Amino acid sequence: MGCGHKDDKASLASSQIVTFSHQPHQPPSTPASKEVWKKGGRMFSILLAVHLALLACTLVSSGAFEKIAVHDYDVFFLLTVMMLIVIIWIIFYLVGTSRCPDAILCKDSHAGPIWLRGGLILFAIFSLVMDVFKIGYYSSFYSCLSAIKIIYPIVQAIFVVIQTYFLWISAKDCVHVHLNVTRCGLMLTLTTNLAVWMSAVTDESVHKAHSKLKKNMTEEIFRWLMKVGMRSSSAEECNCDSQICQIFKNGYFWLYPFNIEYSLFASAMVYVMWKNVGRFIDHHSHHIHRLKFRLFRRTFFVGIVLGLIILVSGLGVLILYEVQVNSSTESRKKSQALTMYYIFNIVCLGLMSLVCIGGSVIYRFDKRDMDRHKNPTRTLDVALLMGAALGQYAISYYSIVAIVASTPRDAISALNLTYALLMIAQHTFQNIFIIEGLHRQPPKEDRKHDSHQKDLYGLTFVNINAVSLRVPDSGSTLAPSTASGAEAIHPSDLVRSLTAPKKMNWRRKFLREISMFLLLSNIILWIMPAFGARPQFDNDTELNFYGDSMWPAIVDICLPFGIFYRMHAVASLLEVYIMS
């Protein structure tokens, strides 16, 4: 396979001829302002992704139940094959495609920002630790397990390393060779990450369901239920009596949330790369903003302090909740834990809602222009925020209906209702604030203001009235400088130049405080459900109203989206913070 541009090259040439014929005044240095997409290649890659995703979803969901003749090692075999194919394609891309002449004519400066790639590496490290724990756990009784159970975590670890390196160096690429192969390869990579995500979510949900059953019944009844109902992992049938085996088992289940987030982060970055295949960027409209991350400058520390208080308090609530709910069978302690959990979340969600409203009001007075240029990364961010929020919306509305329609109502029901309403409000207001921030231009100083800044700020300790006596309104004193190309400095311009930065900094400082507070608050709201604090399974109102089958299924489907929303909101708020 050569390094030619295929049919898109000819399409580009013809489109450029048409462009120049209609716009003769356009300089020849910007012929790439028009994007050319190969519709057939994109459609084929989409169809490939859809069919693979449906196949993986069918196997993963079927492998979770005992009565269906699909085993977990069948799922692992499919995922292993998909990851091996993706590894081969990534190596081909790095060694062949990216090194072709004119393969990457431009880069998307908005794709793969440093904080997103840094988060990807963080989750990749924890995913590798999880794979090590899995290998250690399955190796403890390899004689009674299928070999694929040990091969799968090894292949997954290699896949994580190679994919992370690939996304770190290639996330901004706009590829212009091997277009159809690259599109299909990226879609296969995206589908593989989504399939791994579905498998991890299902495995975690089954594990938590088994933990609940084990806590409430004897071992004999639990094993009987595993035979007639939901499948236990094939490793459950082997003896894991040693202490090191139990450490490996508990360790990799605790690390599942990081692997889940890694798969979703990688999927988002791969999708942006797929959108950029064959894309030409007009550098005159696609500004590259070199923003500096300054955490402890231009801030009042209020947002950081309040956010840390919420974060530490939430960790304490999480520990107490785990101890009183998951480690105790007393109903009184369970009620106390639920009350404490709901009160903390009501306070946190209420503060976050008020802060988001305040930030949206400040944006109304912000003088920065809106960024209306085409940006696939920002479009994806907005779509993920709106789409992932639907999971928590669904859980909240189901809870509201169950609480309102159920009788009798107690204090926990009232707290649960308030929690559900505030959850809806907080998601809505936070989405508005983040979307406003993502569509704002980064702060930039006006060139005209910069030309006067050195002269004007040198007069900080000079009496303004004395300056006005020395600089008349007619500007005749500064006529020579005006004639030479500079502009006259008037007293009114001086006053505006000295006072304008203070007003601008005031707004930006408050936006940075709000962004940092929301960022830290979203971190704890991600940690709590990701690591076991899930009152949806511990509150009897919804369970009694919808039944033991319907309500857990609703939570298992919708809650992963709510968890992903929090982590994606953290990444978006970090971008808003830096751009403020």
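Predicted model, so just to flag it, every value in this text is computed and none were measured. Each residue is numbered by its place in its chain's sequence as written, counting from 1. In view of the model being predicted, local features appear only for residues whose pLDDT reaches at least 70, and side-chain atom pairs are presented and counted only at 80 or more, with totals across whole chains, interfaces and linings using the full set of residues. Think of the side-chain values as coming from all heavy atoms in the structure, minus any hydrogens and water.

Residue-level account of unusual backbone geometry, with values.
If a residue is not glycine, its phi is most likely negative; likewise, a peptide bond is most likely trans. Phi is positive for D102, close to 60°, though the residue is something other than glycine. Comment: elements are numbered from the N terminus, with helices defined as DSSP H or I runs of at least four residues and strands as E runs of at least two. Within the element layout of this structure, D102 appears in the loop between α3 (72–95) and β1 (104–107). The phi dihedral of H178 is positive, around 50°, even though this residue is not glycine. Assignment of secondary structure puts H178 in the loop between β2 (173–175) and α6 (179–216).

A description of the packing of aromatic side chains should follow, citing residues and the corresponding values.
When two rings of Phe, Tyr or Trp (its six-membered ring) have centres within 6.5 Å they constitute a pair, described as stacked for plane angles under 30 degrees, edge-to-face for angles over 60, and tilted for the intermediate range. Applying the stated criterion across every chain, the model contains 29 aromatic pairs. For the pair F133 and F248, a centre-to-centre distance of 5.7 Å together with 75° between the ring planes defines the contact as edge-to-face. You can see F133 sitting in helix α4 (residues 114–139) and its partner F248 sitting in helix α8 (residues 243–254), a full 115 residues away along the chain. For F133, a relative accessible area of 21% gives the class partly exposed. Among the aromatic residues, those joined into a ring-pair cluster are F123, F126, W254, F258, F265, W526 and F531. Here the guanidinium or amino end of R117 rests over the ring plane of W168, the centre of that ring lying 4.6 Å away. Relative accessibility decides the category of a residue: with a 1.4 Å probe and only protein chains considered, values under 20% of the type maximum give buried, values over 50% give exposed, and everything between is partly exposed. Two thresholds decide whether a charge sits over a ring: the Lys NZ or Arg CZ must be within 6 Å of the ring centre and within 35 degrees of the ring normal.

Which residues make up the state of the cysteines, and what are the values?
Here, a disulfide means two cysteine sulfur atoms that sit within 2.5 Å of each other. Counted according to the given criterion, the structure contains zero disulfides. Considering cysteine sulfurs only, C106 is the nearest to C174, which forms no disulfide, with 4.2 Å between them.

How would you sum up the nonpolar core? Please name residues and give values.
Residues belong to a common nonpolar core when they are buried Ala, Val, Leu, Ile, Met, Phe, Trp, Tyr or Cys residues joined through side-chain atoms within 4.5 Å. Counting 135 residues, the largest nonpolar core has F166, F433 and W526 as the members making the most contacts within it. Looking at which domains feed residues into this core, each of domain 1 (39–221 + 241–279) and domain 2 (296–442 + 504–579) supplies at least three. Where each domain starts and ends follows an automatic or database-derived domain assignment.

I'd like to hear about the packing of helix α9 (residues 256–276) against helix α12 (residues 376–405), residue by residue, with values.
Two numbers describe a pair of packed helices, the interaxial angle and the distance between the axes. A fitted line through C-alpha atoms serves as each axis, taken over the contacting stretch for helices, and the angle formed by two N-to-C directions is quoted from 0 to 180°. Two elements in contact, α9 and α12, have axes separated by 10 Å at closest approach and are oriented at 140°. Our classification of the angle between α9 and α12 gives oblique. Regarding α9 and α12, the two cross each other, and that crossing is right-handed. Contacts between α9 and α12 pair A268, Y271, V272, K275 and N276 from the former with P376, T377, L380 and L384 from the latter. Any residue that is not Ala, Val, Leu, Ile, Met, Phe, Trp, Tyr, Cys, Pro, Asp, Glu, Lys or Arg is counted as polar, Gly included; the first ten are nonpolar and the last four charged. Along the lines of polarity and charge, the residues of the contact of α9 with α12 split into six nonpolar, two polar and one charged. Angular relationships are summarised with four words: roughly parallel below 35 degrees, roughly antiparallel beyond 145, roughly perpendicular across 65 to 115, and oblique for the angles in between. Left-handed describes a crossing whose near helix is turned anticlockwise from the far helix through less than a right angle; right-handed describes the clockwise counterpart. Only heavy atoms matter for contacts: two residues are in contact if any of them lie within 4.5 Å across the pair.

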